[in-house]
Amino acid sequence: MLDLATQIEQIEVCAQTIAQRLPRAEIAVVLGSGLGALADMMKDTVVLPYAEIPHFPQPTVLGHSGKLISGLVGGKRVYAFSGRFHYYEGHDPQTVILPMRVLQQLGCQTVILTNAAGGVNMDFHAGELMLITDHINLTGYNPLRGANDERWGARFPDMTYTYDPALRDLALCVANELGITLQQGVYCGLCGPSFETPAEIRMLRLLGADAVGMSTVPEAIAAHQMGMRLLAISCITNMAAGVLPQPLSHEEVFATGKQAEKHFSALVEGIIRRI
Ligand code: HPA
């Protein structure tokens, strides 16, 4: 684990690089697996490859391209992270949440996290979008473990309103206006990279999970600790293990993400327009 001084130095160097190379934005979007289309509809873009941001690793996963884009979405300037860092790739928790820490350093107040997720709730269908109302952290770690810098926030952050209620209302309102089905539910974050067993999915259902995935929870914890306004949307790319009599694959996740991209991009654009 990196010591606090090294972490802070890295965050500052990243933020300086981004501030020098990209127009500043007050809203950020993290694009999940197969959900990169939003990047294609951005206007007036400037692209910064992760390879040119010190301490940013290269994503290793299909559907995560590894670039930070500043551009206009719904008339507002946003940072779009096309590609994120997962714990299962072997990264430290500090690296998983590095983009969130850097956003705070840049003064960015609002974050929209998106992901691909398996549907645990039997009423869901592959291809639908789900507004995350709350989460269950079963990743096996907490990204705030280790020394805390008071400028980030509390040592013991409250997690009652992690997903901003006003932004959630806005998302529901925009989805309704656009005629897009937006389910709501609890996202359970696991470590991955293996998908869950059918027995694990039955357990998660008993625990109150509606969707399951391998990202988002650590970023949400860090963003909320820092007082950012947070919204998170899952694309239910597949029904979770054991729901249907067939195996799961990342190719399916990626392909369904691609199919849902149009709705997803329209919803996110509509939300940003009205933030
Ligand atoms: N499980 C975990 N992560 C996922 C899934 C799943 O079924 N689908 C997309 N990401």
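Scroll up a little and you will see the structure.
Residues numbered from 1 in each chain as written. Predicted model: local features only at pLDDT ≥ 70, side-chain atom pairs only at ≥ 80, totals over all residues. Heavy atoms only, no water.

*Asks:* Tell me about the overall build of the chain, and name the residues and values.
*Replies:* Helix and strand counts for the chain stand at eight helices and nine strands. Its C-alpha atoms give the chain a radius of gyration of 17 Å, near enough to 19 Å, the size a compact globule of 275 residues would have. In terms of principal-axis extent, the alpha carbons of the chain reach across some 50 × 40 × 35 Å. Looking at the chain residue by residue over its 275 residues, the buried ones come to 56%. Partitioning the contacts of the chain with sequence separation of at least 6, the portion at a separation of at least 24 is 82%. (Helix = DSSP H or I, 4+ residues; strand = E, 2+ residues; numbered from the N terminus. Rg over C-alpha atoms; globule rule 2.2 N^0.38 Å. Buried < 20%, exposed > 50% of the residue type's maximum accessible area, 1.4 Å probe, protein only. Contact = heavy atoms within 4.5 Å.)

*Asks:* Mind laying out the packing of aromatic side chains, listing which residues take part and the relevant values?
*Replies:* Using the criterion set out here, one finds four aromatic pairs in the structure. Ring-pair connections join several aromatic residues into one group, and the members of that group are Y50, F56 and F85. Of note, R101 hangs over the ring of W152, and the distance from its end group to the ring centre comes to 3.8 Å. (Phe/Tyr/Trp six-rings, centres within 6.5 Å; stacked < 30°, edge-to-face > 60°. Lys NZ or Arg CZ within 6 Å of the ring centre and 35° of its normal.)

*Asks:* Please set out helix α8 (residues 250-274) residue by residue, giving values where relevant.
*Replies:* The end-to-end C-alpha separation of α8 is 33 Å, in line with the 36 Å expected for 25 residues at 1.5 Å each. At E261, α8 shows its largest bend, some 50°. Burial in α8 covers these residues: V253, T256, G257, A260, E261, F264, S265, L267, V268, G270, I271 and I272. (Expected span 1.5 Å × (residues − 1). Bend = angle between axes of the 7 residues up to and from the residue.)

*Asks:* Which residues make up the site of the ligand, and what values do they have?
*Replies:* The ligand sits among A116, A117, G118, F195, E196, V212, G213, M214, T237, N238, L248 and V253. Backbone polar atom of A116 to a nitrogen atom of the ligand: 3.3 Å apart, as the coordinates give it. Here N238 contributes a side-chain N or O atom positioned 2.7 Å from a nitrogen atom of the ligand. At a threshold of 2 Å from the grid points, most atoms of the ligand map onto the largest pocket. Looking at the shell around the ligand, the element that brings in the most residues is strand β5 (residues 110-119), giving three residues. Here the shell around the ligand is composed, by residue class, of seven nonpolar, four polar and one charged. (Near = heavy atom within 4 Å. Polar contact = N/O pair within 3.5 Å; in protein donor to acceptor, adjacent residues only side chain to side chain. 1 Å grid on protein atoms, 1.4 Å probe; cavity = no way out; pocket = protein on both sides within 12 Å on 5 of 7 lines; lining within 4 Å. Sits in = over half its atoms within 2 Å of the grid points. Nonpolar A, V, L, I, M, F, W, Y, C, P; charged D, E, K, R; others polar.)

*Asks:* So what's going on with the environment of L48? Residues and values would help.
*Replies:* Along the polypeptide, L48 turns up in strand β2 (residues 43-49). Residues L48 and K67, 19 residues apart in the sequence, show an inter-C-alpha distance of 5.7 Å.

*Asks:* Report on the packing of helix α5 (residues 165-178) against α8, specifying residues and quantitative values.
*Replies:* Here α5 crosses α8 at 125°, and the two axes come no closer than 9 Å. Our classification of the angle between α5 and α8 gives oblique. Read as a crossing pair, α5 and α8 show a hand that is right-handed. Here L170, A171, C173, V174, A175, E177 and L178 of α5 come into contact with α8, specifically with A266, L267, G270, I271 and R274. Counted by class, the contact of α5 with α8 contains nine nonpolar, one polar and two charged residues. (Axes fitted to C-alpha atoms, helices over the stretch in contact; angles between N-to-C directions. Parallel < 35°, antiparallel > 145°, perpendicular 65-115°, else oblique. Left-handed = near helix turned anticlockwise from the far one by under 90°.)

*Asks:* Break down helix α1 (residues 4-21) for me, with residues and values.
*Replies:* The periodicity of an α-helix, 3.6 residues per turn, causes residues three or four positions apart to be oriented the same way. Between the first and last C-alpha of α1 there are 26 Å, a value that for 18 residues agrees with the 26 Å anticipated at 1.5 Å per step. All buried positions along α1 are accounted for by Q7, I8, Q10, I11, C14, A15, T17 and I18. The opening residue of α1 is D3, an N-cap whose side-chain oxygen sits 3.1 Å from the backbone nitrogen of A5.

*Asks:* Please set out the pattern of salt bridges residue by residue, giving values where relevant.
*Replies:* Counting across every chain of the model gives eight salt bridges. The partner of E177 in a salt bridge is R274, with the nearest N and O atoms 2.8 Å apart. One end of the pair, E177, is in helix α5; the other, R274, is in helix α8, with 97 residues separating them in the sequence. Accessibility expressed as a relative area gives 54% for E177, which makes it exposed. Two residues, R273 and E269, come together in a salt bridge whose shortest N-O distance is 3.3 Å. (Salt bridge = Lys/Arg side-chain N within 4 Å of Asp/Glu carboxyl O.)

*Asks:* Describe the pairing of strand β7 (residues 182-190), and please don't skip the residues or the numbers.
*Replies:* Taken across its nine residues, β7 has eight buried, putting it largely inside the fold. Direction of pairing for strand β6 (residues 129-138) relative to β7: parallel, over a ladder of nine bridges. Paired with I132 across the two strands is G185, which belongs to β7. In terms of strand pairing, β7 meets strand β8 (residues 211-213) through three bridges, oriented parallel. When the sheet's bridge partners are listed, C188 is paired in β8 with V212. With helix α6 (residues 198-207) bridging β7 and the parallel β8, this β-α-β connection has right-handed handedness. (Pairing = 2+ DSSP bridges. Right-handed = clockwise from strand over helix to strand, strands pointing away.)

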